[in-house]
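Structural overview
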Amino acid sequence: MTQPQCIGSGQALTELDLAPDPSDVAGPSTACLLDAHVEAVSSTTTPALPVTVTDVQGTSVTVTDASRILPLDITGAIAATVFGLGLGDQVVGRDGSTGFPEAVHLPVVTADGHTLSAEPIIALAPTVVITDTTLGPRDVIAQLRDAGIPVVIVTKERSIETVGELVAQVAAALGVIDTGASLTDRVENEIDATRAEIDAVAPTDVADRPRILFLYVRGSAGVYYLFGEESGADSLIRALDGVDVAGEIGWTGMRPVTAEALIQAAPDVVLLMTKGLESVDGVDGLLTAVPALAATPAGENRRFVDMNDTDILSFGPRSAQVLDALARAIYAPEASGPVAGAAGDSGESSE
């Protein structure tokens, strides 16, 4: 029998022992996906090709062959979508942010997590590349097209609300529109069900809900970014029934954090990527590197919630599972996190 990877496996969020006040919990937590796998909506997906689509940049692209698909973006959402459509067997490579179990054996073609190079991509002989504008440099796309590879640019918007849009664009490019509609229906139903469970455990009064902030950290590079509105983190926080404090102070996009912003935001909970927290040697190192955090309620309570880098912002087929894992860490921290000694299987983390 396979050992559960996460504490609380087998129990619904609403069955767990909840923190009396999620805004006043002491100590860090780790969010753990109960199932890191991407489940295909169909095992018999067959693309209807050729297909011609107009991508988000207005480029007309004709796809004649989907036998060697290369999905690339900064969150791994495009790859997860391709696997969710049932075309994972045709994927030939991955970006550094794609870390779910079905894809970890594939060769990585990005450098430093977000840099594209034409040579390793062309070496994989993809018959179609699906990407967005989160990876660069831009001239690589032109090189791939010059080499005769169809490249479809899809939306870069990543949020709970735009999962269906991404699925539809990827499905259209691969000639599986009906399968895309089925996947969207499944994912949206899962998200709705998970949000209903979160609504049931979160404080009814908005004033009592946890004030949450997303901090992107790479200590080795001295990078500390606060993610605000339109970053995707805002959508995640709202879906968790938290107060998006970055939006509250008018913070837009992803920008270097300032002491003033942290003090003004006054978060109760700070979300981070696991590798980011490790890059500063844990909570103590983070409080040393960003002293203003210590003056916030989250810093005073050492209330930091981390999650695997390749999962936390991977909006796509696993969105409901990500929400569930984070909700457990926020509202039922004693019943959250990996089982001691259990080996994780969600792959490597992005840079």
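Cut-off values and rules
- Residues numbered from 1 in each chain as written.
- Predicted model: local features only at pLDDT ≥ 70, side-chain atom pairs only at ≥ 80, totals over all residues.
- Heavy atoms only, no water.
- Helix = DSSP H or I, 4+ residues; strand = E, 2+ residues; numbered from the N terminus.
- Buried < 20%, exposed > 50% of the residue type's maximum accessible area, 1.4 Å probe, protein only.
- Contact = heavy atoms within 4.5 Å.
- Areas by Shrake-Rupley, 256 points an atom, 1.4 Å probe, with all protein chains shown as cover.
- Lys, Arg positive; Asp, Glu negative; His and termini not counted.
- Charge placed at Lys NZ, Arg CZ, Asp CG, Glu CD.
- Disulfide = S-S within 2.5 Å.
- Axes fitted to C-alpha atoms, helices over the stretch in contact; angles between N-to-C directions.
- Parallel < 35°, antiparallel > 145°, perpendicular 65-115°, else oblique.
- Left-handed = near helix turned anticlockwise from the far one by under 90°.
- Nonpolar A, V, L, I, M, F, W, Y, C, P; charged D, E, K, R; others polar.
- pLDDT = per-residue confidence, 0-100.
- Salt bridge = Lys/Arg side-chain N within 4 Å of Asp/Glu carboxyl O.
- Core = buried A, V, L, I, M, F, W, Y, C linked by side-chain atoms within 4.5 Å.
- Polar contact = N/O pair within 3.5 Å; in protein donor to acceptor, adjacent residues only side chain to side chain.

**Quick look at the overall build of the chain**
- A tally of regular secondary structure across the chain gives 13 helices and 14 strands.
- Taken along its principal axes, the extent of the C-alpha atoms in the chain is 55 × 40 × 35 Å.
- A total of 351 residues make up the chain; the buried ones form 57% of that total.
- For the chain, long-range pairs separated by at least 24 residues make up 71% of all intrachain contacts whose partners lie at least 6 apart in sequence.
- Total accessible area on the chain stands at roughly 14200 Å², and carbon and sulfur atoms take up 50% of it.
- Averaging the coordinates of the 18 positive side-chain charges in the chain and doing the same for the 49 negative ones gives two points 3 Å apart.

**Topic: the state of the cysteines**
- Enumeration over the complete set of coordinates arrives at 1 disulfide.
- One disulfide bridge connects Cys6 with Cys32, the sulfur atoms lying 2.0 Å from each other. One disulfide, between Cys6 and Cys32, carries an S-S torsion of -70 degrees and so falls in the left-handed class. With Cys6 in the segment before strand E1 (29-31) and Cys32 in the loop between E1 and strand E2 (51-54), this pair connects stretches of sequence that are 26 residues apart.
- Given a relative accessible area of 2%, Cys6 falls into the buried group.
- In this structure Cys32 comes out as buried when scored by relative accessible area, which is 14%.

**A word on the packing of helix H4 (residues 163-173) against helix H5 (residues 177-201)**
- Interhelical geometry of H4 versus H5 gives an angle of 160 degrees and a closest axis separation of 8 Å. Relative to H5, the element H4 lies roughly antiparallel. The element H4 and its partner H5 pack so that their crossing is right-handed. In contact with Val163, Gly164, Val167, Ala171 and Ala172 of H4, H5 contributes Ile177, Gly180, Leu183, Thr184, Val187 and Glu188.
- Among the residues making up the contact of H4 with H5, the classes are represented as 7 nonpolar, 3 polar and 1 charged.

**A few points about the confidence of the model for the chain**
- Here the chain shows a mean pLDDT of 94. Residues at 70 or above account for 96%.
- A low-confidence stretch, residues 344-351 stays under pLDDT 50, and its non-local contacts, those more than four residues away or across chains, total 33 contacts.

**Quick word on the pattern of salt bridges**
- Taken as a whole and assessed by the stated rule, the structure comprises 12 salt bridges.
- With a shortest N-O distance of 3.3 Å, Asp55 and Arg145 are connected by a salt bridge. Taken as a pair, Asp55 in the loop between E2 and strand E3 (60-63) and Arg145 in helix H3 (residues 139-146) lie far apart in primary sequence, 90 residues in all.
- Its relative accessible area of 29% is what places Arg145 among the partly exposed residues.

**Regarding the nonpolar core**
- Core analysis: the largest hydrophobic core is formed by 72 residues, its most contacted members being Val170, Leu174, Phe214, Leu236, Leu271, Ile312 and Leu326.
- Counting residues per element, this core draws most heavily on helix H13 (residues 319-331), at 9 residues.
- Here Phe214 is in contact with Tyr225, Leu226, Phe227, Ala233, Ile237, Leu271, Met273, Ile312 and Leu313, once residues within four sequence places are set aside.
- Within the second largest apolar cluster, 26 residues are counted, among which are Leu286, Val290, Ala298 and Phe304.

**A few points about the side chain of Asp234**
- Along the chain, Asp234 turns up in helix H6 (residues 233-239).
- A polar atom in the side chain of Asp234 sits 3.1 Å from the backbone nitrogen of Gly232.

**So, the environment of Val151**
- Mapped onto the elements of the fold, Val151 is located in strand E8 (residues 151-153).
- Sequence separation of Val151 and Val129 is 22 residues, and the distance between their C-alpha atoms is 4.7 Å.
- If near-sequence neighbours (up to four positions away) are discounted, Val151 is found in contact with Asp55, Val61, Val129, Thr131, Ile141, Leu144 and Arg145.

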